[in-house]
Amino acid sequence: MSGDLLRLYGTNEREPDSRTLVAGDLSVVLQDSNLRTLRYRGHEVLRGVAFLVRDKDWGTCGAAINDLEVRATDAGFSVTYKARFTAPDGANLDCAIAISGAAKTVAFSADCVSDAPFETARAGFVVLHPVAGVAGQPVSVRHGDGSVEHAHWPERIEPWQPFMDISAITHQVARGVSAVTQFVGDIFEMEDQRNWTDGSYKTYVRPLALPWPYRIAPHEPFTQKVLVEIQSVDDAGVAKDNSDAVTLTLSRTDRRFPEIGVGLRPECLVEERSAFGALETVGARHLIAHFDPGAGHGLPTLKGYADIAEKSGLKVTLEVAVACQRSLDEEMSELASLVREAGLSLESLFVCPSVDRQSTPPGSAWPECPPLEDVYAAARTAFPNVRLGGGMMSYFTELNRKRVPGNLIDYVSHCTNPIVHAADDLSVMQTFEALRYVAGSVRALYGETPYRIGPSTIAMRQNPYGSATKENSAGKRIPMASVDPRHNGQFGAAWTMAYAATVATTGLEVLTLSTLAGPCGLVAGAGEVMAPGELRPLAHVLARLGALAGHNVRSVETSRPDAVLGLASDRVILLANITPEPQTVVLPSPPRQVSLIGGGGLPADEQVVLPSYGCVEAVL
């Protein structure tokens, strides 16, 4: 079984055990001491309720759980335990947790006290409302003063909080079913987590306008509670059974598949030089070469990139973190001289002020930075015959908060990351529910300006929300980790295919979902299922995507987008199973050939079984 884990996830670590608690028509999953997937008659009510503690860099402080007791009867259930959260400096926050559930109610409370000044960016309840079936629908929000705001869940992703000073939220779950979620013990507000590609709207404690990190005073107890009440009529419908085979609906579009890019990193140059043959295998067209003078990157880095570019013959985008510490003309002219000296020929230059890689939450003061108009003008002067890209080197969140002047650039670009807030398998795969809204929001902001995404990988390339990414030498599932083992397994292949499927109809110019070498690269390292230097599973997916570059896109809608996602050309359908369970898919017509990507052939039948996180190619 450990071999299967390593093959699927790149690690032998298992996810925490879970238990489904049931009270009448209500069910909820208890996992890792918190609640997720609260359902009523099969309909998703809440995606999660958790008591979380973040350290000063927004990393998650793990809880040591003791005295866990779970009781379940026909009438309901109860859970109690003690949780100790430990800050990096050794301070402890001790919480007594109580959860109870009945046929139409769930209560979750926390009584907490710290033994020393406890530095945190956030400590308290987080409640996640789903996006699917909710976005754009009516919602009522009761505020702290008792007033009620009747509004709609946001459809387009905005950078600011949609609702503030929340004491209760009422929303429709399904026909004849609504839910009231009450918040007690602190000031709660909501953010649209689709900004980070989380598939949820998050209600949390401590407004972002207040300073962070902050210190919880020692020996001063506090209490928070979340109460959920279901309101339903007797004939309220039951959710559709998910055991049926997945069906596909294909539609023609006027879009074409993007060209595939591959990232280059200075710290991986030695491995990249020996792995450049993988670029031809995956059909890459672009090298996205990272360059940060503030990190010590200089002429040797650019010469290394020039060597790979010459051997591969690919177009090069130099992705530059502009220091903005001296005259912009001086900095750009200096960069242009280094590029010439290195013999590096550029197809495009992407520039982003270094300071803009760090997050500036709504209500916070912006750091000093020259106007983007001046940055772009200096880049144009120093690189007169090179296409200029702008946007954010970090994530869509930062682009949404600091919107660039699209009329001054030749394309807009950003990255995404699926483990900013949560790193469990389900949450990572649920990010595709939000990714389509991200792409739609960029199109709403910048129209038909050429659009690129990436490098986007499961691991976090840079932490805009703290001083550093999280080290992960043990190969665990950790939010904000600089290395994620699932990139190396079949999970990473399915994530890559699902990502491409989600943005296929956006009309991207370039899509970059890996680096060439290193922990986010195409080739395996030591300790993986594949031998060192062999292609990782996601490389075989990228090879299929690279072969479609420039072809007409046909959109693929599946009857279970929470289980299977796909994309198609006029002749080929590519599908990804984003679950650990096998999924049966009914193709729209009899195929000529069906194959498991990275594996062997499958029966050429209209019904195809996709294995756990399996990716399939069907030739029509």
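Check the entry above for the structure.
Small disclaimer: the values here were computed from a predicted structure and weren't measured.

A. Just the packing of aromatic side chains, in detail. Inspection of the entire model under this criterion finds 13 aromatic pairs. Taken together, a centroid distance of 5.9 Å and an interplanar angle of 50 degrees make the contact between Phe51 and Phe85 tilted. Here Phe51, found in strand E4 (residues 43-54), pairs with Phe85, found in strand E6 (residues 77-86); they are 34 residues apart in sequence, far enough to count as distant. Taken as a pair, Phe51 and Phe85 share a single burial class, namely buried. With centroids separated by 5.1 Å and ring planes inclined at 70 degrees, the aromatic side chains of Trp58 and Trp212 adopt a geometry described as edge-to-face. With a gap of 154 residues between them, Trp58 in the loop between E4 and strand E5 (63-72) and Trp212 in the loop between strand E16 (200-205) and strand E17 (214-216) connect regions that are remote in the sequence. Trp58 gets classed as buried once you look at its relative accessible area, which sits at 12%. Its relative accessible area of 28% is what places Trp212 among the partly exposed residues. Taken together, Phe51, Phe85, Phe108 and Phe125 form an aromatic cluster joined through their ring pairs. Above the face of the Tyr437 ring, Arg194 is positioned so that its terminal group lies 4.6 Å from the ring centre. The ring of Tyr214 has Arg206 sitting right over it, with the charged end atom 3.7 Å from the ring centre.

B. Region of the structure containing the packing of helix H4 (residues 299-312) against helix H5 (residues 328-342). Between H4 and H5, the least distance of the axes is 8 Å, while the angle of their chain directions is 45 degrees. Classified by the angle their axes make, H4 and H5 are oblique. Seen along the crossing, H4 lies across H5 with a hand that is right-handed. Facing Leu299, Leu302, Lys303 and Ala306 of H4, the residues of H5 in contact are Leu338, Val339, Glu341 and Ala342.

C. Broad picture of the pairing of strand E13 (residues 166-174). Most of E13 sits inside the fold, with 7 of its 9 residues counted as buried. Summarising the sheet, strand E11 (residues 138-143) and E13 pair through 5 bridges and their orientation is antiparallel. Bridging from a neighbouring strand, Val141 pairs with Ile169 of E13. As paired strands, E13 and strand E14 (residues 177-184) are joined by 6 bridges and run antiparallel to one another. Across the sheet, residue His171 finds its bridge partner in E14, namely Ala179. The antiparallel hairpin formed by E13 and E14 contains 2 residues in its connecting segment, where Gly176 sits at a positive phi of about 80 degrees.

D. Representation of the nonpolar core. Residues Leu318, Leu344 and Leu349 are the most contacted members of the largest nonpolar core, which totals 166 residues. Broken down by element, the residue count for this core peaks at 10 residues, all from helix H9 (residues 490-503). One finds Leu250, Ala568, Leu587 and Val594 within the second-largest nonpolar core, a separate group that totals 16 residues.

E. Focus on the side chain of Lys202. By the secondary structure assignment, Lys202 is in strand E16. Since its relative accessible area comes to 3%, Lys202 is described here as buried. Separated by 3.1 Å, the side chains of Lys202 and Gln193 make a polar contact. Discounting residues that sit within four places of it in the chain, Lys202 has contacts with Arg122, Val126, Val127, Leu128, Glu189, Met190, Glu191, Gln193 and His421.

F. Summary view of the pairing of strand E3 (residues 34-40). Within E3, 6 of the 7 residues are buried, leaving the element largely enclosed by the surrounding structure. For strand E2 (residues 26-31) and E3, the ladder comprises 5 bridges, and the chain directions are antiparallel. Along E3, the bridge assignment pairs Val29 with Arg36. Between the antiparallel neighbours E2 and E3 lie 2 residues, among them Asp32 with a positive phi of about 55 degrees. Pairing between E3 and E4: 5 bridges, direction antiparallel. Bridging from a neighbouring strand, Leu35 pairs with Val49 of E4. Counting the residues between successive antiparallel strands, the hairpin from E3 to E4 contains 2 residues, one of them, Arg41, with a positive phi of roughly 50 degrees.

G. Representation of the pattern of salt bridges within the structure. Under the defined criterion, the tally for this structure stands at 38 salt bridges. Two residues, Glu13 and Lys476, come together in a salt bridge whose shortest N-O distance is 3.9 Å. Within this pair, whereas Glu13 is found in the loop between helix H1 (2-9) and strand E1 (18-23), its partner Lys476 is found in the loop between strand E26 (451-453) and H9, the two being separated by 463 residues in sequence. Put simply, Asp570 and Arg252 hold a salt bridge, and the shortest N to O gap is 3.0 Å. Here Asp570 is found in the loop between strand E29 (564-568) and strand E30 (572-577), whereas its partner Arg252 is found in strand E19 (residues 246-256), with 318 residues between them in sequence.

Cut-offs and rules
- Residues numbered from 1 in each chain as written.
- Predicted model: local features only at pLDDT ≥ 70, side-chain atom pairs only at ≥ 80, totals over all residues.
- Heavy atoms only, no water.
- Phe/Tyr/Trp six-rings, centres within 6.5 Å; stacked < 30°, edge-to-face > 60°.
- Helix = DSSP H or I, 4+ residues; strand = E, 2+ residues; numbered from the N terminus.
- Buried < 20%, exposed > 50% of the residue type's maximum accessible area, 1.4 Å probe, protein only.
- Lys NZ or Arg CZ within 6 Å of the ring centre and 35° of its normal.
- Axes fitted to C-alpha atoms, helices over the stretch in contact; angles between N-to-C directions.
- Parallel < 35°, antiparallel > 145°, perpendicular 65-115°, else oblique.
- Left-handed = near helix turned anticlockwise from the far one by under 90°.
- Contact = heavy atoms within 4.5 Å.
- Pairing = 2+ DSSP bridges.
- Core = buried A, V, L, I, M, F, W, Y, C linked by side-chain atoms within 4.5 Å.
- Polar contact = N/O pair within 3.5 Å; in protein donor to acceptor, adjacent residues only side chain to side chain.
- Salt bridge = Lys/Arg side-chain N within 4 Å of Asp/Glu carboxyl O.

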